[in-house]
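Close look at the chain arrangement
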Amino acid sequence: MRLPTVEDIEKRIPRPEDFESRARGTELTARVGTALGIAFGICFLTGMWSHVQYTQPGWLPIGPQPTQLYRLTQGTHVLSGIAAIPLLLVKLWSVFPRLFIRPPTSSARELVIEVLERASIGALVGSSVFMLASGLLNIAQWYPWEFSFRRTHEAVAWVAIGSLIVHIAVKLPVIQRAYTASIEHPEAHLDPDAISRRTVLRGALAAAGLAVVLTAGQTVPFLRRFSVFAVRDGQGPQGLPINRTAKAAGAAEAAQDPAFVLEVVVGDRTVTLDRDQLLALPQRTHRLPIACVEGWSRSATWTGPALRDLLALAGGEPGSDVTIRSLQTRGAFGVSRLPAAYVEDYRTLLALELNGETLSLDHGYPCRIIAPNRPGVFQTKWVQRLEVKA
Ligand SMILES: Nc1nc2c(c(=O)[nH]1)N[C@H]1C(S)=C(S)[C@@H](COP(=O)(O)O)O[C@H]1N2
Ligand SMILES: [Mo]
């Protein structure tokens, strides 16, 4: 028996011509690509906005207004990413035969150009798949990796958007030609039973739309009934989903301790208040959303003293940032820093009640922070201590 030669193997690898479906073609690729490009663009911008809200750089005056802003941008971020999944799959399908184009052998220069083009497409496909897959796992709250989700998701986003811009620039003449031609294959009429490109395009757009509708209920209330894929369906005690339980955060015991006191520290002054004393302060009620980075959001009615009034008890002046520490003993998000602009807003509460009932343990009993236009991760639960540096 003879071992197969390189030529034998090469013969068995399909060639682009072997893929005969007339449904594929640049005219389809360009149109699906446009929809995908729009979804990616929206996803990139809203994603960068989320990083800005998260890192709170001093040069950007981000504050409590508009109240629903983060809810809107982050909901849009997750939905545009979800819409991109079927579009990306159809787009990859439409160009799949090109994977089998043989490298040019005529000149070294052509070969180098080909290798570079393939490398840039490899970077685009790889980073796009990574962005959508890691985002999807994140909304499912499954973190099977060791790296920081936030930093990696941001870093790879730059690779994705950079290689997308290069890709569009390189393909611009092809895209323009594709749009001047009719979408259908010139010989499509020869086989009227075959699936048409228009059908594939409509199918891709419909799949994207359906994916959005089936998940949007986690942030758009009237769609909740349809959103069978929504990770957070709005269920949870007191009509609000729970992100992490008191038990999971290692806060359950301390939070239920009858000897609990809140510490308000301004410079070297400390005031302590138990829950009854907190309830005896002037209470305010506001309707504010929890807008989680994972894409779900929900408005609720919160009652408690304004943070501003509470700090004033310890001599705190408006205009300072506040560090919030929780009773939590396990995992991230036990500490947050609230910029002064939020502290000054009277709607920023140390909530004691949710939807007219005593805050449940998993929603942050004995008290939690709720502020307008904040990423959910900063709405610290089981608050133990508020600190203002003198
Ligand atoms: N101490 C503490 N507070 C926390 C968290 C946490 O893990 N620990 N999770 C945050 C996140 S990510 C969200 S979205 C909200 C959710 O609040 P809920 O569980 O009451 O809906 O709580 C925030 N507050
Ligand atoms: Mo969250």
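No experiment lies behind these values; they were computed from the predicted model shown.

1. Things to note about the sheet that holds strand E6 (residues 335-338)
In spatial order, the strands read E2-E1-E11-E5-E6; together these five strands make up an open sheet with mixed pairing. Single-partner strands in this sheet number two, and they are strand E2 (269-273) and E6. For this sheet, the mean inter-axis angle between neighbouring strands, taken without regard to orientation, is 15 degrees. Two elements, strand E5 (residues 322-326) and E6, share four bridges in a ladder whose sense is antiparallel. Across the sheet, residue Ile324 finds its bridge partner in E6, namely Ser336.

2. What to know about the site of ligand 1
Contacts to ligand 1 come from 20 residues, most closely from Pro241, Gln328, His363, Arg368 and Lys381. In this structure, a nitrogen atom belonging to ligand 1 sits 2.6 Å away from a side-chain N or O atom of Gln328. Between ligand 1 and Lys381 there is a distance of 2.6 Å, counted from an oxygen atom to a side-chain nitrogen or oxygen. Burial of ligand 1 by the surrounding chains reaches 100%, relative to a free accessible area of 530 Å². Looking at side-chain class alone, the shell around ligand 1 contains ten nonpolar, seven polar and three charged residues.

3. Some thoughts on unusual backbone geometry
A cis amide bond links Gln65 with the next residue in sequence, Pro66, at an omega value of -10 degrees. Take Pro66: it is sitting in the loop between helix H2 (26-55) and helix H3 (69-95). Across the junction of Tyr365 and Pro366, the peptide omega takes the value 10 degrees, indicating a cis bond. Assignment of secondary structure puts Pro366 in the loop between strand E9 (357-358) and strand E10 (368-370). One non-glycine residue, Asn355, lies in the positive phi region at around 50 degrees. Take Asn355: it is sitting in the loop between strand E8 (353-354) and E9.

4. Some details on the side chain of Gln379
Within the fold, Gln379 resides in the loop between E10 and strand E11 (383-388). Residues in contact with Gln379, not counting those within four places in the same chain, are Pro289, Ile290, Arg368, Ile369, Ile370, Ala371 and Arg374.

5. Some thoughts on the sheet that holds strand E4 (residues 297-304)
Pairing within the open sheet is antiparallel, and its four strands lie in the order E3-E4-E8-E9. Of all the strands in the sheet, just strand E3 (284-291) and E9 have a single pairing partner and so form its edges. Sheet topology note: the E4/E8 ladder contains two bridges and is antiparallel. In the strand pairing of E8, Thr303 is matched with Glu353.

About the criteria used
- Residues numbered from 1 in each chain as written.
- Chains lettered and ligands numbered in written order.
- Predicted model: local features only at pLDDT ≥ 70, side-chain atom pairs only at ≥ 80, totals over all residues.
- Heavy atoms only, no water.
- Pairing = 2+ DSSP bridges.
- Helix = DSSP H or I, 4+ residues; strand = E, 2+ residues; numbered from the N terminus.
- Axes fitted to C-alpha atoms, helices over the stretch in contact; angles between N-to-C directions.
- Near = heavy atom within 4 Å.
- Polar contact = N/O pair within 3.5 Å; in protein donor to acceptor, adjacent residues only side chain to side chain.
- Areas by Shrake-Rupley, 256 points an atom, 1.4 Å probe, with all protein chains shown as cover.
- Nonpolar A, V, L, I, M, F, W, Y, C, P; charged D, E, K, R; others polar.
- Contact = heavy atoms within 4.5 Å.

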